[in-house]
Structure formats: C-alpha cells, structure tokens
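# Results of the structural survey
In case you want the letters, here they are:
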Amino acid sequence: MSKLVYLVPLFPLLGFLINGLGRKSMSRSLIGIVGSGAILASFVVSLLIFFDVKNNGASVIALFDFINVESFQIPFAFQVDQLSSLFLLIITGIGFLIHLYSTAYMHEEEPQHFGRYFAYLNLFVFSMLLLVLGANYVIMFIGWEGVGLCSYLLIGFWFKNNTYNYAARKAFVMNRIGDLGFLLAVFWLLFRLGTASYGDVFANVSKLSSFDVTAITTLLFVGAMGKSAQIPLYTWLPDAMAGPTPVSALIHAATMVTAGIYMIARSNILYTMAPATQTLVAVVGLATAIFAATIALKQNDIKKVLAYSTVSQLGYMFLGLGVGAYTGAVFHVMTHAFFKALLFLGAGSVIHAMHHEQDIRKMGGLKKYMPITHITFLLACLAIAGIPPFSGFFSKDEILTAAFAKNPIYYFVGVGGALMTAFYMFRLYTLTFLGDFRGTQDQGNHIHESPSAMTIPLIILAALSVVGGLIGIPEVLASNAHSLEHFLAPIFAESAKIAEHHHLEASQEYLMMGSSTLAIILIILFTVNRYKKYRATEQVDSSFSKLLENKWYIDELYDSLIVNPLNGLAGFFKNIVEKSGIDGMVNGVGRLVGYGSRQLRLLQSGQVGNYILIMVLAIVVFFVIWFNDLSIMRFFSKIF
Amino acid sequence: MPIQYYIYLCLALFSIGIIGVLTRRNAIIVFMCVELMLNAVNLLLVAFSKMHYGLAIGANPETTVGIDGQLFVFFIMVVAAAEVSVGLAIIVMMYRNTHSVDINFLNRLKN
C-alpha cells in the first residue's frame, strides 16, 4: 500500500496542470470538481496509507535518483511513517474541506481566475505534500520553496490591488530570509555527513560535534522562523490576509506555517542533541506566543485577529518543541489545524455575508442571521481558548505541562498568553455575533447564511474541533488514552531515550488544569460581558492600547531599520554607481570608439595615390621590423 | 655576370615602378608601373635561380636547385595576366562612367 504513496502528491499536481492549462476553456463547476476531486483522491489514498502505516510500520519509498554524482546521492524518495502520514491526513483532509468551501466562496470570480485560483491551491497542496513526504532535506526543501511560491501567488491573487502585491512580496522576501538559513543548514549537513536523507542523518548524528549540531539546528530554526512566522520574521503572516479567506485558512491551518513545526519534529533527534538550540526555540516560541497575543487584543480586522492568533499558537507549538514535547507540538498542530481552519472559514462566511466588510466594529448581532456559522465559530473559539473537553485544551495543556516540567517560568508566561487568547477570541466572537448589528442598512438587508458548500466544511471542522482532542487525553485523566503518543512513539523514540524525564504529581497537574481552566472561563465571561454592549463610537485612547493597535510599531521599526536603509543603499547604487559608474564606463567605451573612428576616418582621403603610398610605407616599415637585426642592412652593404 | 648587376637592375626597375604608381594619375600608366614591379621581381627570381643552379651543378650534375624560383616566375606571370585582364576591364568601365582614366576621380569612398 505504501508503494502507492506517489499518488498522494500526484493528484494535486494533475489538478494543478488541468486547471492551470484549461482555465480559459473550463466552466466553474468543472474546475471546482477537478480541483476538489484531486485533493479528495489524495485524501483517500492518505487514509489508506495511514492505516497501512498504523498496522505495518514505516517505510521509505525511493522513486528515482534526484542527484547521483559518484558517492553523493540524493534519491527522490518518500518517507512514509507515522509523522508524515499524520500530516498527510491533516493536509489533504483540511485541504479538501477548504477546496470545497472555495467553490462557493470564490464563485463571483471570472472562470479564468477561478481556474487560476484552484490551480494555485492545488499546487500549494502539492508542494506541502512534497515537503512532508520527502525522505531527505533536499526534497523537503523543494516543497519548502514550493509553498513559499504558492503563498506568494495566492496572497497576491487579486493582483490588481497593489497593496496585496506588496503583501505578497513581503511574504516572499520574509520566507526567503528564512530559506537561506534552511539551505545553509542542509549544506552544512551535506558537508559534514555527505547525506541529507533522514535515516542516514539521524543514525550518524553522534558523529557531529556539538558545535555542528547547534549550528545546524539553529540554521534550520531560522528557516522555521520564516516559514512558521516566529519573531523576528512573523510580520508577513498578518499581511498575508490580503489573499482570499480560504487561502488564509489553507496557509494557517493545513499547510505552510506548520512546515516549520513538521521540520523540527522530524529532526527531533538533532534538536535533542542541541540543548542550547532547544532553549532558543522555546524562548522564541514563547516570546512570539505572548507578543502576537498582545497585538491580537486590539486588532479590529476579523482576519487580522485570527492571523495574530495563529502566530501566537505557532509560538506555543515551538514552545512545545523547545521543551521536548514533540508529541504535544504535533498534537497542537493537528487540533490547531481543525479550529483555525474553522475560524478562518467561519470568518470567510461572515465576510461573504457582509459583502467584504472585515471590520468587526461594524458587525455584531450576526447570531440570528447566520446560525450555523455562529455555532461553529463559537465551538472553535472554545477550542482555541482551551476549554475542556474541546480539542485545544488537551494539546495546549500537554505543551504547557511539559513547559512547567522544564521551567515553571515558561508555564506561567504561557498561561498568560492562553488567557489573552481567550480574551481576544471572545472579543472577536462577541463583537461579531452578539450585541446589535452595527453595519449599514444595506448590509443588514442582505445578510444571509452561506450556501451549503460553505457550511458543510464548517460543520465537519466543528465536529473535529470538538472531539479532535480525545486522541490525546493526558495520562493523568485516563491511563493509556493518549493514542497519538503511542502512534508517534517510533518517531520520537531516539529523543525520548536521551531526554531527561520530569514527572509531575497528579495533584499538581489537576491543580494546573483546574486553575487555568477557571481563569479562562472567568476571562471569557468578562470579555463577553464587556463587549456585548459595544458601540462603534466607543473609543479608548490610552497610549498603550494605541501601541497594541499599531502592532507595537514593528512594521515601522523594520521599515526604518532595514527596509529604508536598504532602499537608500539601492537608491545610491541605482543613481550613483549605476548611472555614473557602470553606465559611464559603458557609454565611455562607446564614446571613445566613436571619437577614435571619427579621427581615423580622416585617413580615408579617397585618393588612391595616398592609399598606395601608405601601403608602400607600411611594407617598408614591416621590412624594417621584420629584419630588425639589421641583416637586411648587411645584405645591402654587401651588394653595394 | 655578377649577381649584383641583376640586383641593381631589378632595384631600379622596382623603384621606377613604385615611383610611377605613387606619382602618376593616369590609371593605365599606374597599371603599367605595377606590371613593371612584378617583372622586376620576376627578373630577380630568374637571376637568383640561375645563380643557385650554377653553384650547385658543379657538385651534382643531376641537381634541380633553383628550379623553384623559375616556377614562381611562371606563377607570377599567370597571376599578372589574370590581373591585367581584370584591371583593364575595370579601367574600361571607369572610362565609361567618368570619361576619364584619372585615378583621383575615384574618391567616392572619401571619409
């Protein structure tokens, strides 16, 4: 069964080719069927592979040689194991729901752009599948670059709006900065070990010096920072909201941002061998979690709130990776994929109903117009806030417990972030669905529940968000109920051997769960109460809230620290070096030749006699030079 | 006769040819001067050929030393004949177009 794994990325690739090439001649419904069908087919194959792996274990499927030079070999091989099969399910499953949703959401587009949209979407899924399936870092890098490219294409999907193009460019550049780190890490590995295949690298990890391991893992983490939007490279993700909403769902939930988590979870042995990097990962993750959460508190764009919430949740995942809770991080990727996809699709449904209004201050009271969207959105909010027994509770709790075991400071800061999560999610929920409608009369008349192609994915995702956590019930609540941990155990087995184990008292865990849950419920009640009677005129002008509203002025900081000096430098090169230096040189050569030829032209007198005279003189000169040892003189002196 | 005499004669002929080419304007005379130069060289070749042959025959009655010089002479004569036919044709065409054989009329390529 595992042999058929090549079908998983093949279907989206075919979908991409068909939709991409036939977008001008195909109807919308045909495009939708091809685009969604390709992902559905992948999902079916992924399911089969998942159960095959569950029963028969992991395998590596080599397809052909990608690079084969003497002893240096990089096969184009697929890694079919517990981790990748789980990610396959997340990517294709949620990807399919998003495709299905898109067929309704994007229905206003011209067929040609509709086809382009689905082609990009399929290519995106294809790249992500390649990233997850690759059995070495080089194949992973192909997918890694592929998702970067597709995010660029999709964020700038409405390319007639220049702001969107800038957002797309920003995403691409930020990603490229991270990619450089990843690439350097791969080169370093190839240089030291001569191989990039996971199996060989992980088996030979003990041959690397501790400096090498630290450097490689740090560089890989730089790659993850770019792709998974961590400080300092996170600013592209909120701007990525420029793309169509389902694309945001795809980027934030199923693909792209989870790539960094996947990569580190995949390289867990390397990271376990490099405690310094682990600390870095944990600290950066935690800082991002808190920092993004504070920004999300004051955002008014429905998608921006969700975007910063994603950045924050990704921070938790990195915290989990940093403290060695690899299973917890992967678990959170999965549950986060469920509820974040749901949140984005729900937001899309709201935006769709509100005729592209995204400002939550102008919404409110949508509960009675859009019952399905409202219920599913509420479930997602409860899940992300971490209310038991919704999925987010279990995964976040697992990460935070592991963080507590490592260092209690991580835990308390992390819980602070979780409380902020509850606050901003319920602020969003309350402003959108509760209270009175604050939009225009015209919008109010047209609000409607979305079509079933949009609500069905919402319902499925809501169900998953509610029960998804049950595959990872912590030991303390029910013994041996953490089926995900058992499933993933072979992947993290080597790390588990090396890592030190902390065990918390059951009572301590109960206390932590209970107190954090209680605090979150209190926050939720407070928030709902606080914003239920919100009026659009309400203004809070404290300087701190202004700071948060403007995202700590980080974009402005980057602009003045990096972008503007670079622009200045580029301007200097363009105006001074290019114009006077290079252009001057090139034009100077041209002018010199022109001047020289104008002077030489005077020799062309047109008088045949002159030409002959010059010829004769030239011959004489030639003879003199040729016989410059004066032999000709001796010859003449002899004969005369 | 010493070889020097031939060399003097050839030098004289060649110089006359060069000076004629450089100074005369009549295309036909220029042309004749070119022929003169060619024939000066021919004469020199024949003279040297004979000289080398004369020096070598004493040692070896079968020798062919110097024969190549005479071969060159024939080549030059053939080439000169071809050149004359082309050159005279050009001069005829020139006369038809300009009603003159003055080479200074041929200055259209000036500058």
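Residues numbered from 1 in each chain as written. Chains lettered and ligands numbered in written order. Predicted model: local features only at pLDDT ≥ 70, side-chain atom pairs only at ≥ 80, totals over all residues.

## Quick word on the overall build of chain A
If you tally the helices and strands in chain A, you get 26 helices and two strands. Overall size of chain A, expressed as C-alpha extent along the three principal axes, is 125 × 65 × 55 Å. Relative to all contacts within chain A whose residues are 6 or more apart in sequence, the contacts with residues 24 or more apart total 82%. (Helix = DSSP H or I, 4+ residues; strand = E, 2+ residues; numbered from the N terminus. Contact = placed C-beta atoms within 7 Å.)

## Here we look at the overall build of chain B
Within chain B, the secondary structure is distributed over three helices and zero strands. Reading the helices (α) and strands (β) of chain B from amino to carboxyl end gives α-α-α. Its C-alpha radius of gyration of 19 Å places chain B more than 25% over the 13 Å reference for a compact globule of 111 residues. The dimensions of chain B, computed from C-alpha atoms along their principal axes, are 60 × 25 × 25 Å. Considering only contacts within chain B whose residues lie at least 6 apart along the sequence, 53% involve residues at least 24 apart. (Rg over C-alpha atoms; globule rule 2.2 N^0.38 Å.)

## Topic: the confidence of the model for chain A
One rule of thumb: low pLDDT means the predicted coordinates there are not for detailed reading. In this model, chain A carries an average pLDDT of 85, and 96% of its residues clear a pLDDT of 70 or more. Across chain A, the element-wise mean pLDDT spans from 68 in helix α26 (residues 631-639) of chain A up to 91 in helix α1 (residues 7-21) of chain A. (pLDDT = per-residue confidence, 0-100.)

## Observations concerning the pairing of strand β2 (residues 72-80) of chain A
All names here are of chain A. Strand direction decides the pairing type here: strand β1 (residues 59-69) and β2, joined by nine bridges, are antiparallel. Bridging from a neighbouring strand, Asn-68 pairs with Gln-73 of β2. Where β1 folds back on β2, the antiparallel hairpin that results is connected by two residues, among which Glu-70 adopts a positive phi of roughly 50 degrees. (Pairing = 2+ DSSP bridges.)

## Some thoughts on unusual backbone geometry
All names here are of chain A. Between Ile-231 and the following residue, Pro-232, the backbone shows a cis peptide bond with an omega angle of 5 degrees. Take Pro-232: it is sitting in the loop between α8 (210-227) and α9 (236-239). The phi dihedral of Ala-229 is positive, around 55 degrees, even though this residue is not glycine. Residue classification places Ala-229 among the buried residues on the basis of 32 C-beta atoms within 10 Å. Residue Met-256 is not a glycine yet carries a positive backbone phi of 60 degrees. With respect to the helices and strands, the residue Met-256 is situated in the loop between α10 (245-254) and α11 (258-266). (Buried ≥ 20, exposed ≤ 12 C-beta atoms within 10 Å, placed from the backbone.)

## Overview of the environment of Leu-280 of chain A
Mapped onto the elements, Leu-280 of chain A comes out in helix α13 (residues 275-297). Excluding anything up to four places from it in sequence, Leu-280 of chain A contacts Thr-218 and Phe-221 of chain A.

## Brief notes about helix α18 (residues 408-433) of chain A
Residues and elements named next belong to chain A. The end-to-end C-alpha distance of α18 is 37 Å, a good match for the 38 Å that 26 residues give at a rise of 1.5 Å each. Judged by how many residues are buried, α18 sits mostly within the fold: 20 of 26 residues are covered. Phi turns positive one or two residues past the end of α18, at Gly-435, with a value near 75 degrees. (Expected span 1.5 Å × (residues − 1).)

## Regarding the packing of α1 of chain A against helix α4 (residues 111-133) of chain A
All names here are of chain A. Put simply, α1 and α4 touch, their axes get as near as 8 Å, and they point 160 degrees apart. Here α4 runs roughly antiparallel to α1, going by the angle between their axes. For the crossing formed where α1 meets α4, the hand is left-handed. Residue-level contacts link Val-8, Pro-9, Pro-12, Leu-13, Gly-15, Phe-16, Asn-19 and Gly-20 of α1 to Gly-115, Phe-118, Ala-119, Asn-122, Leu-123, Val-125, Phe-126, Leu-129, Leu-130 and Leu-133 of α4. Classifying every residue of the contact of α1 with α4 gives 13 nonpolar, five polar and no charged. (Axes fitted to C-alpha atoms, helices over the stretch in contact; angles between N-to-C directions. Parallel < 35°, antiparallel > 145°, perpendicular 65-115°, else oblique. Left-handed = near helix turned anticlockwise from the far one by under 90°. Nonpolar A, V, L, I, M, F, W, Y, C, P; charged D, E, K, R; others polar.)

## Thoughts on the environment of Leu-314 of chain A
All names here are of chain A. One can find Leu-314 in helix α14 (residues 302-322). Taking the C-beta count within 10 Å as the criterion, Leu-314 has 31 such neighbours and is therefore assigned buried. Put simply, Leu-314 and Gly-181 are 133 residues apart on the chain and 19 Å apart in space, counted from C-alpha to C-alpha.

## Focus: the environment of Lys-303 of chain A
Looking at where Lys-303 of chain A falls in the secondary structure, it is placed in helix α14. Once residues lying within four places of it in the same chain are set aside, the contact partners of Lys-303 of chain A are Met-241, Thr-245, Ser-248, Ala-347 and Gln-358 of chain A.

## Re the packing of helix α16 (residues 371-385) of chain A against α18 of chain A
Residues and elements named next belong to chain A. Where α16 contacts α18, the two axes come as close as 9 Å, and the packing angle between them is 170 degrees. Here α16 is positioned roughly antiparallel relative to α18, judged by the angle of their axes. Counted together, His-374, Phe-377, Leu-378, Cys-381, Ile-384 and Ala-385 of α16 and Thr-421, Ala-422, Met-425, Phe-426, Tyr-429 and Phe-433 of α18 form the full contact between these two elements.

## Observations regarding the confidence of the model for chain B
Averaged over all residues, the pLDDT of chain B is 88; the fraction at 70 or higher stands at 96%. For this predicted complex, the interface score ipTM comes out at 0.75, while the overall pTM is 0.77.

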